Amino acid sequence: MILLGMAAMAVAYTVNAQEKKYPEQEPMRPGMSEYWTPQPKIVTPGDAATNSAPSDAIVLFDGKDLSQWENAKGGEPTWKVHDGVVTVVKSRESGDIQTKQKFGSYQLHLEWCVPTDITGTSQARGNSGVFMQGLYEIQVLDTYNNETYVNGATGSIYKQTPPLVNAMRKPGEWNVYDIIYTAPVFKADGTYLYRPRVTVIQNGVVLQNNTEILGTTEYIGFPKVQEHGDGPIILQMHGDPSQPISFRNIWIRPM
């Protein structure tokens, strides 16, 4: 016991000697954990009263024309622009429309409306979609008092992940999508290093919260891995027989 006590005293002496040998840690001050540069770029928010876009956004549709779009099969789009909106034209010749410009990661804003006289049930009721990079679909559908398979509901990553909630407004009222999309990164062998991810907010309500996208959104079968670079945003002309929906106020902020 005497030896143990002497050993403890020796250790304490050594520690005390080291503490005296080196200076004490300088007390932290608020400024020691602050930095001032680079300052964030100033972006003027859009005006809610006029539905204007942020100052750094690319306006894809301002209610006047489809100059930023093309037919997904090639050529000029034939969807109908009227009264500040664009309405889907349901014909095989019309087809989907896509942006002329290609994008990677971004913040996307768009508004869409199901007509008041909409008919049909399940997937045959106001069906459309927003495709990110031309491959990954966020579902557009009238799910107001209209049930369907949950991984095909409004705000789903189509045939993959259901929305957290149903935040649909009734037909005739405008729905707002705000989509934050992170593009994938691929390895040399063409497989994902990082899968794409997406956050979807509808009418101020979160439907997808930084959700991982497993691969392409297939109508038949399971997700596929398809190596790609930047791609267009596609708005879908779905072939269901219900009345066509309309879009307005579409803008994007590449990130």
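Remember, predicted model here, so these are calculated numbers, not experimental data.

Thresholds applied
Residues numbered from 1 in each chain as written. Predicted model: local features only at pLDDT ≥ 70, side-chain atom pairs only at ≥ 80, totals over all residues. Heavy atoms only, no water. Helix = DSSP H or I, 4+ residues; strand = E, 2+ residues; numbered from the N terminus. Rg over C-alpha atoms; globule rule 2.2 N^0.38 Å. Buried < 20%, exposed > 50% of the residue type's maximum accessible area, 1.4 Å probe, protein only. Contact = heavy atoms within 4.5 Å. Areas by Shrake-Rupley, 256 points an atom, 1.4 Å probe, with all protein chains shown as cover. Lys, Arg positive; Asp, Glu negative; His and termini not counted. Charge placed at Lys NZ, Arg CZ, Asp CG, Glu CD. Core = buried A, V, L, I, M, F, W, Y, C linked by side-chain atoms within 4.5 Å. Phe/Tyr/Trp six-rings, centres within 6.5 Å; stacked < 30°, edge-to-face > 60°. Lys NZ or Arg CZ within 6 Å of the ring centre and 35° of its normal. Patch = residues over 30% accessible without salt bridge, like charges linked within 9 Å, V, L, I, M, F, W, Y side chains within 5 Å. Salt bridge = Lys/Arg side-chain N within 4 Å of Asp/Glu carboxyl O. Pairing = 2+ DSSP bridges.

**Q** Give a description of the overall build of the protein that names residues and reports values.
**A** In terms of helices and strands, the protein carries one helix and 15 strands. Since a compact globule built from 255 residues should have a radius of gyration of about 18 Å, the 27 Å found for the protein marks it as more spread out than a globular shape. Each of the 255 residues in the protein was classed as buried or not, and the buried ones make up 41%. Partitioning the intrachain contacts of the protein with sequence separation of at least 6 by distance along the chain shows that 66% fall at a separation of at least 24. Here the protein displays about 14700 Å² of accessible surface, and carbon together with sulfur accounts for 56% of that area. Between the averaged position of the 21 positive side-chain charges in the protein and that of its 26 negative side-chain charges there is a distance of 3 Å.

**Q** Would you mind going over the nonpolar core in detail, with residue names and values included?
**A** Counting residues in each nonpolar core, the largest one holds 41 residues, and the members touching the most others are Leu108, Ile179 and Phe247. Those elements giving two or more residues to this core turn out to be β1 (58-61), β6 (106-113), β7 (128-132), β8 (136-140), β9 (174-182), β12 (197-202) and β15 (246-254). Considering every element that reaches this core, the biggest residue donor is β6, with four residues. In contact with Ile179, not counting residues within four places along its chain, are Tyr106, Gln107, Leu108, Leu110, Val130, Met132, Ile138, Val198, Thr199 and Val200.

**Q** Which residues make up the packing of aromatic side chains, and what are the values?
**A** A full pass over the atoms with the stated rule returns seven aromatic pairs. Relative to Tyr181, the ring of Tyr106 has its centre 5.3 Å away and its plane inclined at 40 degrees; by these criteria the two rings are tilted. Highlighted residues: Tyr106 in strand β6 and Tyr181 in strand β9, separated in sequence by 75 residues. Taking the relative accessible area as the measure of exposure, Tyr106 reaches 0% and is therefore buried. Clustering of aromatic rings is evident, with ring pairs tying together Phe103, Tyr106, Tyr136 and Tyr181. Between Arg248 and the ring centre of Trp174, over which it is positioned, the NZ or CZ distance is 4.2 Å.

**Q** Tell me what's going on with a nonpolar patch on the surface, and back it up with residues and numbers.
**A** Taken together, the side chains of Leu164, Val165, Val205 and Val206 make up a nonpolar region of the molecular surface, amounting to roughly 310 Å² of accessible area. Along the polypeptide, Val165 turns up in the loop between β8 and β9. Overall, the relative accessible area of 38% leaves Val165 in the partly exposed class.

**Q** Summarise the sheet that holds strand β2 (residues 69-71); cite the residues concerned and give the values.
**A** The five strands lie next to each other as β2-β5-β14-β7-β8, forming an open sheet whose pairing is antiparallel. The sheet is open, and its two edges are formed by β2 and β8, each paired on a single side. Where strand β5 (residues 97-99) and strand β14 (residues 234-235) come together, two bridges link them in antiparallel fashion. Residue pairing in the sheet places Gln98 in a bridge with Ile234 of β14.

**Q** If you had to explain unusual backbone geometry to someone new, which residues and values would you point to?
**A** With omega at 0 degrees, the peptide bond leading from Thr37 into Pro38 counts as cis. Its place among the elements puts Pro38 in the loop between α1 (2-21) and β1. For Gln133, which is not glycine, the phi dihedral falls at a positive 55 degrees. On the secondary structure map, Gln133 appears in the loop between β7 and β8. Residue class for Gln133 comes out buried when judged on its relative accessible area of 5%. Residue Asn249 is not a glycine yet carries a positive backbone phi of 50 degrees. Mapped onto the fold, Asn249 is located in strand β15. The exposure class assigned to Asn249 is buried, which follows from its relative accessible area of 13%.

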